[in-house]
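# Inside the fold
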Amino acid sequence: MSRAVAAAGVVLSVLGAVTAGQVGVADAAAPAVLGGGSGILVNDATCTLTTIGHDSAGRLVGLTAAHCGPEGASIVAEQNADAGTVGTIGYRSEAMDYSVITFDPDLVVPVNRVGNTTITGVGGPAQFPDIACKEGRTTAQTCGLAYGDPLQSEIATLTQICVVAGDSGGPVVVGSTLVGMVNGYVYVPCLGPEVGMNITTILADIDARGDLGAGFRPI
């Protein structure tokens, strides 16, 4: 992300994570239902899950923004904190601002629809004049015009989607196709364009590593 911003000489505000309160854990809690757009607690910060699915090794994994927390951070479902820690950040790319989460399949029920957003596949990136939408734990679903890649970053796309703190990591979709994740905004939240990493770029980077998350397919 820093390469994209530096190339254009603009100010990018990475969405700050919202500090969460203490999480209680109950015995025999129901599994957490999680999908792209679900609120998650990353250690003591609140962010949004981009998507959930399986990698080529059969592991249940998901994505979120790297600035939400460090490698090894615990993941708790915001709407079912009683389930306790349901995953951990297994890999983090600071340069591209994404993290891969490993989930415990006994503690998570993965879904492809959260709020008003359904994810049926991956593609993109979004191009002008697509209408793109995101699902975030803070502002739910918001939509706006996609501008494409005016920063000439080759890794990110600008849209006019409203995003604020806590929406970090939220899925950006065109229809039901996942095309990116929410990473930040230029200058002013909801007024300045949203900046998001292209999901195809993220998945290509994960595949090139050939480790956790490689061969990812959403639920």
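First, a word on scope: everything that follows refers to the structure included in this document.

## A closer look at unusual backbone geometry
With an omega dihedral of 10°, the bond running from Gly-124 to Pro-125 counts as a cis peptide bond. Within the fold, Pro-125 resides in the loop between strand 14 (121–122) and strand 15 (131–136). A cis geometry characterises the amide bond from Phe-128 onward to Pro-129, with omega recorded as 5°. By the secondary structure assignment, Pro-129 is in the loop between strand 14 and strand 15. Non-glycine residue Ala-140 carries a positive phi angle of around 55°. Owing to a relative accessible area of 37%, Ala-140 belongs among the partly exposed residues under this scheme.

## Some remarks on the environment of Ala-95
If you trace the backbone, Ala-95 turns up in the loop between strand 9 (85–93) and strand 10 (98–103). Measuring from C-alpha to C-alpha, the distance between Ala-95 and Ala-66 comes to 8.9 Å, with 29 residues separating the pair along the chain.

## Details of the side chain of Glu-194
Take Glu-194: it is sitting in strand 20 (residues 194–198). The side chain of Glu-194 is buried and forms no salt bridge, while Lys-134, the nearest opposite charge, is found at 9.2 Å. Separated by 2.6 Å, the side chains of Glu-194 and Thr-159 make a polar contact. In contact with Glu-194, other than residues within four places in its own chain, are Thr-157, Leu-158, Thr-159, Ile-161, Val-163, Val-172, Met-181, Val-182, Asn-183, Gly-184 and Tyr-185.

## Some remarks on the packing of aromatic side chains
By the definition in use, this model includes one aromatic pair. Lying over the aromatic face of Tyr-91, Arg-209 brings its terminal NZ or CZ to 3.5 Å of the ring centre.

## Thoughts on helix 2 (residues 199–209)
Among the residues of helix 2, Ile-199, Thr-201, Ile-202, Leu-203 and Ile-206 are the ones counted as buried. Packing partners of the buried residues in helix 2 comprise strand 7 (60–64), strand 10, strand 14, strand 19 (177–186) and strand 20. Looking one or two residues past helix 2, Gly-210 carries a phi angle of roughly 70°, positive in sign.

What counts, and at which threshold
Positions within a chain are numbered from 1, following the residues in the order the chain's sequence is written. Residue-level local features of this predicted model are given only where pLDDT is at least 70; pairs of side-chain atoms are given and counted only at 80 or more, and the full residue set underlies all totals for whole chains, interfaces and linings. Excluding hydrogens and water, the side-chain figures rest on all heavy atoms present in the structure. The helix and strand labels rest on DSSP assignments: H or I over at least four residues marks a helix, E over at least two residues marks a strand, and numbering proceeds from the N terminus. Whether a residue is buried, partly exposed or exposed follows from its accessible area with a 1.4 Å probe, protein chains only, as a fraction of its type maximum: under 20%, in between, or over 50%, in that order. By the counting scheme adopted, Arg and Lys are positive, Glu and Asp are negative, and His together with the chain ends is not counted. We count a salt bridge whenever a side-chain nitrogen from Lys or Arg sits within 4 Å of a carboxyl oxygen from Asp or Glu. Within 3.5 Å is the distance limit for a polar contact, defined as a pair of N or O atoms, with the added protein rule that one can donate a hydrogen and the other accept it, and that residues adjacent in sequence qualify only through two side-chain atoms. Residue contacts are counted whenever heavy atoms from the two residues lie within 4.5 Å of one another. Pairing of aromatic rings covers Phe, Tyr and Trp, the last counted by its six-membered ring, and requires centre-to-centre distances within 6.5 Å; plane angles under 30 degrees mean stacked, over 60 mean edge-to-face, and any other angle means tilted. For a Lys NZ or an Arg CZ to count as sitting over a ring, it must be within 6 Å of the ring centre and within 35 degrees of the ring normal.

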